[in-house]
Amino acid sequence: MDNYKEEIVIKRNRAVNNILHAVLCVLMVLCGLFALLNISQIGFSENLLMTIASALVYGGAAFLIWWKKDMLRLEYEYTFTNGEMDFACVMGNKKRKNLGTMRVKNVEACGMVASGSFQRYISMPGIKKSNWFLNRDGNLFYFFYQKNGEKHIIIIEPTDEMIGMIKLYLPHGVYQTN
């Protein structure tokens, strides 16, 4: 029987993000309209260089907002399958970015962020930290491992059920309780 668990982590309080997303959508449309207005004035403008520069600035702003606005609707997806963790980031329910795969048996230490052992690992010099969680007050869990001579720590927000499944595949003494 396979041990399989998939979880999607969403931000609990999304009201501010939703309002900001709506404001950015309106701003994007306005910047696009100003860019089109400036483009339409190119043939009639006395200051051609200023009109082109203005059109480029407004068009660039509209494009940047369009490109980045989905970051406000971010979700993380954790998939655990027989000792392997897959991590992905989903932006705006449209774009999915694979963040990586990790074998739990290669983890050197793991545990709850609230434990004292986390401070020992996070304060190591030269550590690369990956924050793959959305709720700071959530049930945060960390993995510490070394790959290619570099120290890494991943912080995620799994449920107790997934933590229980992870513990089944950990080598003896890896789970830190204090």
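Everything that follows concerns the structure shown earlier in this document.
Structure report, in brief.

The rules behind each value
Residues numbered from 1 in each chain as written. Predicted model: local features only at pLDDT ≥ 70, side-chain atom pairs only at ≥ 80, totals over all residues. Heavy atoms only, no water. Pairing = 2+ DSSP bridges. Helix = DSSP H or I, 4+ residues; strand = E, 2+ residues; numbered from the N terminus. Axes fitted to C-alpha atoms, helices over the stretch in contact; angles between N-to-C directions. Parallel < 35°, antiparallel > 145°, perpendicular 65-115°, else oblique. Left-handed = near helix turned anticlockwise from the far one by under 90°. Contact = heavy atoms within 4.5 Å. Nonpolar A, V, L, I, M, F, W, Y, C, P; charged D, E, K, R; others polar. Buried < 20%, exposed > 50% of the residue type's maximum accessible area, 1.4 Å probe, protein only. Arc of directions from axis to C-beta. Phe/Tyr/Trp six-rings, centres within 6.5 Å; stacked < 30°, edge-to-face > 60°. Lys NZ or Arg CZ within 6 Å of the ring centre and 35° of its normal. Polar contact = N/O pair within 3.5 Å; in protein donor to acceptor, adjacent residues only side chain to side chain.

## Here we look at the sheet that holds strand β9 (residues 175–176)
Paired through their backbone hydrogen bonds, the strands of a sheet run either parallel or antiparallel.
Point 1. Here 5 strands make up an open sheet; going across it, the order is β6-β8-β7-β5-β9 and the pairing mixed. Sheet topology places β6 (128–132) and β9 at the edges, where each strand pairs with a single neighbour.
Point 2. Taken together, the 4 bridges between strand β5 (residues 109–112) and strand β7 (residues 141–147) define a ladder with antiparallel strand orientation. Bridge assignment links G111 to a residue of β7, and that residue is Y142.

## Notes on the sheet that holds strand β4 (residues 95–103)
Point 1. Strand order in the open sheet formed by 4 strands is β1-β2-β3-β4, and the pairing between neighbours is antiparallel. The sheet is open, and its two borders are formed by β1 (4–9) and β4, each paired with just one other strand. Averaged over all adjacent pairs, the angle separating strand axes in this sheet is 15°, with direction ignored.
Point 2. Bridging between strand β2 (residues 74–81) and strand β3 (residues 84–91) involves 8 bridges; their strand directions are antiparallel. Directly across from E77, in β3, lies its bridge partner A88.

## Remarks on the packing of helix α1 (residues 15–40) against helix α2 (residues 48–68)
Point 1. The interhelical angle for the contact between α1 and α2, taken along N-to-C directions, is 155°, at an axis separation of 8 Å. As judged from the angle between their axes, α1 and α2 are roughly antiparallel. Considering only the axes of α1 and α2, their crossing is left-handed. For the pair α1 and α2, the contacting residues are L24, L27, M28, C31, G32, F34, A35, N38 and I39 in the first and T51, S54, A55, Y58, G59, A61, A62, I65 and W66 in the second.
Point 2. Within the contact of α1 with α2, the residues separate by chemical class into 13 nonpolar, 5 polar and no charged.

## Some thoughts on unusual backbone geometry
Point 1. With a phi angle near 55°, N93 is a residue other than glycine that sits in the positive phi range.
Point 2. Assignment of secondary structure puts N93 in the loop between β3 and β4.
Point 3. The class of N93 is exposed, set by a relative accessible area of 61%.
Point 4. One non-glycine residue, N148, adopts positive backbone phi at about 55°.

## Considerations on helix α4 (residues 160–169)
Point 1. Listed as buried for α4 are M162, I163, M165 and I166. One side of α4 holds all its buried residues, which, seen down the axis, span an arc of 160°. Opposite the buried face of α4, at more than 90 degrees from it, the exposed residues are D160, E161 and L168.
Point 2. Tucked into the core, α4 has its buried residues touching β1, β2, β3, β5 and β7.

## Focus on the packing of aromatic side chains
Point 1. Counted by the stated rule, this structure contains 11 aromatic pairs.
Point 2. Look at F34 and Y58: their rings are 5.2 Å apart centre to centre, the planes differ by 40°, and that puts the pair in the tilted class. Of this pair, F34 sits in helix α1 while Y58 sits in helix α2, and the two are 24 residues apart along the sequence.
Point 3. Taking the relative accessible area as the measure of exposure, F34 reaches 40% and is therefore partly exposed.
Point 4. Ring centres of F87 and W132 lie 5.0 Å apart, and the angle between their planes is 45°; on these two criteria the pair is classed as tilted. Here F87 is found in strand β3, whereas its partner W132 is found in strand β6, with 45 residues between them in sequence.
Point 5. Given a relative accessible area of 13%, W132 falls into the buried group.
Point 6. The ring of W67 carries K68 above its face, with NZ or CZ at 4.7 Å from the centroid.

## Overview of the environment of S115
Point 1. By the element assignment, S115 lies in the loop between β5 and α3 (116–122).
Point 2. A sequence separation of 77 residues divides S115 from N38, and the C-alpha atoms of the two residues are 58 Å apart.
Point 3. Leave out the neighbours within four places in its chain, and S115 touches Y142, Q176, T177 and N178.
Point 4. Only 3.0 Å separates the side chain of S115 from the side chain of S117, close enough to count as a polar contact.

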